[in-house]
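Coordinate analysis (summary)
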There are 6 protein chains.
Amino acid sequence: DFTRALSEVEPKFGAKSADMQAYYRGGMVNYGEPFESMTETVNRVIEQMKTSTKTPLMSLLISGEAETGKTALAAHLANASGIPFVRVISADTMIGMSESGKALEINRNFMEAYKSPLSLILIDDLERLIEYIRVGPRFSNQVLQALLVLLKKPPPEDKKLLVIATTSIPLLLEDLSLTQSFSLQVSCPQLEPSSPSIKTVLTDSGVEEQDASAISQAITQPIGIKTLLMVTEMARSNSGGERIDLNIFLECLHTVGY
Amino acid sequence: DFTRALSEVEPKFGAKSADMQAYYRGGMVNYGEPFESMTETVNRVIEQMKTSTKTPLMSLLISGEAETGKTALAAHLANASGIPFVRVISADTMIGMSESGKALEINRNFMEAYKSPLSLILIDDLERLIEYIRVGPRFSNQVLQALLVLLKKPPPEDKKLLVIATTSIPLLLEDLSLTQSFSLQVSCPQLEPSSPSIKTVLTDSGVEEQDASAISQAITQPIGIKTLLMVTEMARSNSGGERIDLNIFLECLHTVGY
Amino acid sequence: DFTRALSEVEPKFGAKSADMQAYYRGGMVNYGEPFESMTETVNRVIEQMKTSTKTPLMSLLISGEAETGKTALAAHLANASGIPFVRVISADTMIGMSESGKALEINRNFMEAYKSPLSLILIDDLERLIEYIRVGPRFSNQVLQALLVLLKKPPPEDKKLLVIATTSIPLLLEDLSLTQSFSLQVSCPQLEPSSPSIKTVLTDSGVEEQDASAISQAITQPIGIKTLLMVTEMARSNSGGERIDLNIFLECLHTVGY
Amino acid sequence: DFTRALSEVEPKFGAKSADMQAYYRGGMVNYGEPFESMTETVNRVIEQMKTSTKTPLMSLLISGEAETGKTALAAHLANASGIPFVRVISADTMIGMSESGKALEINRNFMEAYKSPLSLILIDDLERLIEYIRVGPRFSNQVLQALLVLLKKPPPEDKKLLVIATTSIPLLLEDLSLTQSFSLQVSCPQLEPSSPSIKTVLTDSGVEEQDASAISQAITQPIGIKTLLMVTEMARSNSGGERIDLNIFLECLHTVGY
Amino acid sequence: DFTRALSEVEPKFGAKSADMQAYYRGGMVNYGEPFESMTETVNRVIEQMKTSTKTPLMSLLISGEAETGKTALAAHLANASGIPFVRVISADTMIGMSESGKALEINRNFMEAYKSPLSLILIDDLERLIEYIRVGPRFSNQVLQALLVLLKKPPPEDKKLLVIATTSIPLLLEDLSLTQSFSLQVSCPQLEPSSPSIKTVLTDSGVEEQDASAISQAITQPIGIKTLLMVTEMARSNSGGERIDLNIFLECLHTVGY
Amino acid sequence: DFTRALSEVEPKFGAKSADMQAYYRGGMVNYGEPFESMTETVNRVIEQMKTSTKTPLMSLLISGEAETGKTALAAHLANASGIPFVRVISADTMIGMSESGKALEINRNFMEAYKSPLSLILIDDLERLIEYIRVGPRFSNQVLQALLVLLKKPPPEDKKLLVIATTSIPLLLEDLSLTQSFSLQVSCPQLEPSSPSIKTVLTDSGVEEQDASAISQAITQPIGIKTLLMVTEMARSNSGGERIDLNIFLECLHTVGY
Ligand SMILES: Nc1ncnc2c1ncn2[C@@H]1O[C@H](COP(=O)(O)OP(=O)(O)OP(=O)(O)O)[C@@H](O)[C@H]1O
Ligand SMILES: Nc1ncnc2c1ncn2[C@@H]1O[C@H](COP(=O)(O)OP(=O)(O)OP(=O)(O)O)[C@@H](O)[C@H]1O
Ligand SMILES: Nc1ncnc2c1ncn2[C@@H]1O[C@H](COP(=O)(O)OP(=O)(O)OP(=O)(O)O)[C@@H](O)[C@H]1O
Ligand SMILES: Nc1ncnc2c1ncn2[C@@H]1O[C@H](COP(=O)(O)OP(=O)(O)OP(=O)(O)O)[C@@H](O)[C@H]1O
Ligand SMILES: Nc1ncnc2c1ncn2[C@@H]1O[C@H](COP(=O)(O)OP(=O)(O)OP(=O)(O)O)[C@@H](O)[C@H]1O
Ligand SMILES: Nc1ncnc2c1ncn2[C@@H]1O[C@H](COP(=O)(O)OP(=O)(O)OP(=O)(O)O)[C@@H](O)[C@H]1O
Ligand SMILES: [Mg+2]
Ligand SMILES: [Mg+2]
Ligand SMILES: [Mg+2]
Ligand SMILES: [Mg+2]
Ligand SMILES: [Mg+2]
Ligand SMILES: [Mg+2]
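I will try to describe carefully the structure that is included in this document. All of these numbers come straight from a predicted model, not from anything done at the bench.

This brings us to the arrangement of the chains. The two partners chain A and chain D share no contact, and the minimum distance between any of their C-alpha atoms is 18 Å. In this assembly chain B lies apart from chain F, the nearest approach of their C-alpha atoms being 18 Å.

Okay, here's the thing in structure tokens:
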């Protein structure tokens, strides 16, 4: 299937590749048009980084609702890019750090990247990194400023850097001048109720053709791929066997707030 | 009675089980439908954690008015789950700590949990942990961010983690993106004036059938189970003997603000 | 007189009892109904703590306008309770401490109390402890959170704790969820202009029957017992002899802002 | 003259008395009714402190517009009181101190005072001590809380303490609960245009009878005694000789903002 | 071509000159009127600094939309100025520093400059240096104050200093009194849709005459030179060969948010 | 010319006098009425300080628009005063200092001054010292409070102190109670378009009579003396020779924002 096909393209980098795969341990499903179009845009930029010398710094923001697969997409494409130096900057390794500690840590990652001819830095969940909360709003200005500066700073001569970041709140981050600091922005959409994407995801996830069709028709609002996969798993484990009871699926969907 | 029945299901884990029981020292009363429905939902998720490997991280928020029995319910079900590694994260062990100290302590508990194949972390009273106060609002952003990050971070390969948390202010925590960070939410209701629940709780608590009926009819607003049990005890101790004087009960009810 | 009678009920605990008495050095006057009703409510809770095992933690808030005798009442009843372990938590021992220092100190007092089978903690003037000021409002969130947590935390098995606190601003503290954290609330009123309470206080304080009557009739607004006692003393010292000149009394009353 | 007369009443305490006199180095002028009435009120309280044992803590706030002589009045009466232990708490000895440093220093002064049978603490310019600025408003909550606590804390048994403080902004300090924390408040007024006070101050200050009359009639708004004395001195030094030119006086008055 | 011509004027200062060139590594294109007029204004001030002794301190602010070439312009002219001591103050060397650390570092650079008879300090991106964010607004007051002071402080006798700074938000910085602190302000405009500037930039950048014309006509909004150069490079790398496909160019333009 | 004349009056104090002269290195021009009137007011106060003993502390605020010559005026008159102890307190020596560090440094300067029989402290640019920014407003309350206290604190016996300060925002500083803390305020105006002041300044600055007249007539708004001198110098250096081209002058005027 497609998942296998995708993983074959991935270069073998031992531990590092394994690290990246942790972000899409459930595998990647090619659910059709929106997925392919996003993949193409990102890959075009990756290609540009590899071939051109005139744009030593490019940055790309993957934005979309919660649970739409942003992190998995970014990690998967980074892993498949063949760029040897890949680093992930994520809030989960900095819990409890001071603001300046975080800014320094982010800076350190960029410094490290500047040493390779071509590097890729993946910044997962910008809002968590800058400790953003809508009320106020509150955020770490020191971390934000570090990002704003580093997203504009050209790497040293003969070095190239691609930054890929993810966020669920691109509009709110515009007020912080963060969204605009990226060279380009890619939208990662929810799966549409009437599209074939949902059925594709379900069958790929092991749901029987028939059940997949029934469920697909029963979903009436856009849904994130991560949510869909979780609810499917809840329904499966509650249905007892491998087959999924439509009513149980809908009940589970309701439980998670739909 | 039911309390005894319930405790029989509990696995024997020595000290740990005793610790958990401290949160429902007064015992658990099965007061009918709402209690059974909550129990079922939580147990279904526990079951899913035990059997499925596709959802290594699930989180569940028990929300309800003050004194509705949220902590007792969570502790009781955690204890009865048979999950060997159970940890409670609660503000009362962190009084006087700095914000980053609290964030680190929470992180430490998660790290510890990641070492077991299947763990359960009970976070009691989210609002106290993040030091939330409605005016402002004020809260510890550092602790909040630690929670937001950890509620999204998948455990390492082959490890599974279930997080159960309680709160009295789910709507206010929505503004902090906290409520939405949980996979599912369970509502813990007050006891309804006209329902048989109140009488069940009273008789289980040792109130004579007749008195229980009288009291039950005299209560005209929803009441938390913890409040009901406390007022019953006040009334009993003020009535002199074991029987409870209805007027004294109503007086006590009034004293506590009803 | 009544003052003597009251002091006879007090258990003899050497130094500790003396400490508590410092809060009502001027003695306690039984000024009738409101005083007796408050005393009764508090004593009922004390009795419940002594006899019942089902409510190991009770908390009671004495609220009332400035100078109505809240602190004296709390200290007097605590002293008379016969509860062996009694501790006072008051802002005056924590001047210049950091917020976390105060939170730790409060916590330490509770930990200490948890060691006795039955303890009483008197928290005087909640607003000073949490450094509350109406403009803003400003307050120490760290101290407030410590109180909110400790007022909910059940003591260890077989231990019982009664918390009695005082405040002049119960409504403002509601915005901080503090007032609601107490099991019950008792109102400590001002002395009413037309009530016999004022005359009782005056004569008990050594004012001649006749002067007391005159003064009593001249007071037209509710007045705190502490204010009344101070003005009486000012008037006495300004009148030259033991008798109190009504005009001088009214003048003094005016000087203190009535 | 009166200045000499006043200074004769002052007890001889060597250095300390000299210290107090620094606050009214220009001498004290008895400018009639308002001055005598203030003096009487303060002295009555001082007398009460000396004779009565029932009010071990009294506090008095002298409030009035800028430059009305509040500090001089307080220092003069404190010095004249004959109370052996007198301490001044003033912001000028605490410049650059941390907030908690100031709170501790204030506390230390009270502790020191508690050691004497009868003490007087003069707190000059409350607004400077609490670092108050109208915009915001901003102030040191830690210093304010120290004052609020200490103004309510009774001295140890057999000790008595009188606190006299000054302020130019009694109404603003009401929002901070500070004004109300004093037992009584005394208003220190500006000199009234039509009153004989102005002429008295001028002649006492060495202005010729005739010039004093002319100036007195030319002043049409209330004026603080400190301002009047400064303008008089400016005019004198600008007039060349000892006689004061009315036009030069008015010009000087205008220069200082009248 | 012009780029070469420009670089010939640059004095040879070894490493330093190379450092400055890093800010316009892609070279400088003379795109006609607005560029020449800006160059002339700046050069006139540079000339004044060299010849006159009466204006030992001059400061010049280059302001313009994002990506209009401000930094490149400033660095290029600084490098070409022949002023021996040139220093760049930029936020990217101060990530993670404390506010006072930044203020001291800025001060240090000025102190260093004061040692040379004639120095030039280039402050790149004022908003990043003062950590400005529109919401609030938030900024480092300590760094801002250091700038405000240093922009007014005359160098020591016989020393001269020229400060050139860049910003994208001159109007917002007016609220901070920063824009006004400069002696003069130069506007760096976007390239106008109908002007020949765009075609000049494109052909200089290696785009074939014909393609340049087509693209130039297809651009309908003002565009920053940096954006134009980046999109051109994206389009080139996506077009496969050296020739640029107009549709691909427009697609790329759309991708970056136009 | 007048500049020379003025400098002759200055007492010779070696290094110190040189230090003060740095603030008006371009010399002082007597531009007529407003300058003479300001000089007279300040000198009258200086005279009063020297002769009278009844006003040991006087403070004078020189306020006026940016670039009107406030600092030069203050420094010049201080230098010419003949007062032996003169100290300048200015933000430029305190960059990067903590707030309390600044407060202590200011205090230290006053303490030092208190040691001389007659001292003069010049506080340049109050707004920079207190780190004032209109938005918020933000300012260092600790530094502000130090100033408020020191501006009211009388020097020790037999010592006299004159404080002269400058500010461009007297109205904004009123909200901070700072403007009112000075004994008197002197306004330093811009040069008026129709007044002979402008021509005087120009000719004194070496502009030919004829050019000076032409320029003087071309200026239509009030202008600060510092701005006028700078623009004149810019125009001279741009005109090529010593003569100034009117059009170039107007162009330069426009460049600096007029
Ligand atoms: N085509 C796909 N694209 C993205 N994710 C996919 C795809 N196919 C399968 N998945 C799975 O869906 C999940 C997507 O979750 P992911 O954490 O990436 O979402 P997210 O948008 O980053 O969520 P959040 O908003 O919580 O950060 C992963 O488990 C991944 O294995
Ligand atoms: N079925 C039940 N569910 C919950 N609590 C029960 C039940 N039966 C009895 N109880 C008792 O009721 C009390 C519930 O109190 P608990 O502290 O859990 O309430 P809570 O909602 O967490 O209160 P708070 O809002 O103060 O945190 C416990 O003492 C528990 O022993
Ligand atoms: N029946 C009484 N109840 C309370 N206080 C009494 C009584 N009889 C006499 N007193 C005296 O009245 C005074 C009451 O003052 P207390 O400090 O308790 O008032 P408070 O309400 O706590 O004041 P505050 O609002 O300032 O804290 C004490 O001096 C006490 O000795
Ligand atoms: N009767 C008087 N009362 C007060 N001050 C007097 C009197 N007679 C003369 N003075 C002189 O007037 C001055 C009063 O100044 P003082 O500093 O006390 O005023 P203030 O109200 O405290 O001013 P501020 O508002 O600045 O604190 C002193 O110099 C004092 O010597
Ligand atoms: N005439 C020119 N003026 C300015 N830049 C030019 C010119 N010709 C070519 N360039 C190139 O255009 C780019 C301008 O980018 P630069 O970083 O200076 O823009 P900026 O306005 O400072 O952007 P930002 O707002 O992000 O700080 C540089 O790569 C530079 O080499
Ligand atoms: N009569 C004068 N008064 C003041 N300054 C003069 C006079 N004649 C010449 N000058 C010159 O004018 C300049 C005045 O600048 P100064 O720095 O004093 O202005 P400022 O008002 O303090 O400016 P800022 O608002 O920036 O602090 C000095 O260079 C000084 O030499
Ligand atoms: Mg994600
Ligand atoms: Mg609970
Ligand atoms: Mg009290
Ligand atoms: Mg005073
Ligand atoms: Mg730039
Ligand atoms: Mg100046």
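After presenting the structure, the write-up continues.
Further remarks concern the site of ligand 3. Near ligand 3 there are 19 residues, and of these C:Val29, C:Gly69, C:Lys70, C:Thr71 and C:Ala72 occur at the shortest range. Taken together, the residues near ligand 3 originate from chains C and D. The separation between an oxygen atom of ligand 3 and a polar main-chain atom of C:Glu67 is 2.9 Å. Backbone polar atom of C:Ala72 to an oxygen atom of ligand 3: 2.7 Å apart, as the coordinates give it. Computed on the free molecule, ligand 3 has an accessible area of 640 Å², of which 91% lies beneath the protein chains in the complex. Of all the elements in the fold, those that place two or more residues in the shell around ligand 3 are helix H4 (70–80) and helix H11 (225–239) of chain C.

A word on the pairing of strand E2 (residues 85–90) of chain A. All names here are of chain A. In this structure, E2 lies alongside strand E3 (residues 118–124), joined through six bridges in parallel fashion. Looking at the pairing, Val 86 lines up with Leu 120 of E3. In terms of handedness, the path from E2 via helix H5 (residues 99–113) over to E3 forms a crossover that is right-handed.

Moving on: the site of ligand 4. Residue and element names in this part refer to chain D. The local shell around ligand 4 holds 19 residues, among which Val 29, Gly 69, Lys 70, Thr 71 and Ala 72 are the closest. Taking Lys 226, its side chain carries an N or O atom lying 3.2 Å from an oxygen atom of ligand 4. In the complex, the protein chains occlude 90% of the 630 Å² of accessible area that ligand 4 would expose alone. Every element with two or more residues in the shell around ligand 4 is listed here: helix H4 (70–80) and helix H11 (225–239). In terms of residue class, the shell around ligand 4 is made up of nine nonpolar, six polar and four charged.

Cut-offs used in this document
- Residues numbered from 1 in each chain as written.
- Chains lettered and ligands numbered in written order.
- Predicted model: local features only at pLDDT ≥ 70, side-chain atom pairs only at ≥ 80, totals over all residues.
- Heavy atoms only, no water.
- Contact = heavy atoms within 4.5 Å.
- Near = heavy atom within 4 Å.
- Polar contact = N/O pair within 3.5 Å; in protein donor to acceptor, adjacent residues only side chain to side chain.
- Areas by Shrake-Rupley, 256 points an atom, 1.4 Å probe, with all protein chains shown as cover.
- Helix = DSSP H or I, 4+ residues; strand = E, 2+ residues; numbered from the N terminus.
- Pairing = 2+ DSSP bridges.
- Right-handed = clockwise from strand over helix to strand, strands pointing away.
- Nonpolar A, V, L, I, M, F, W, Y, C, P; charged D, E, K, R; others polar.

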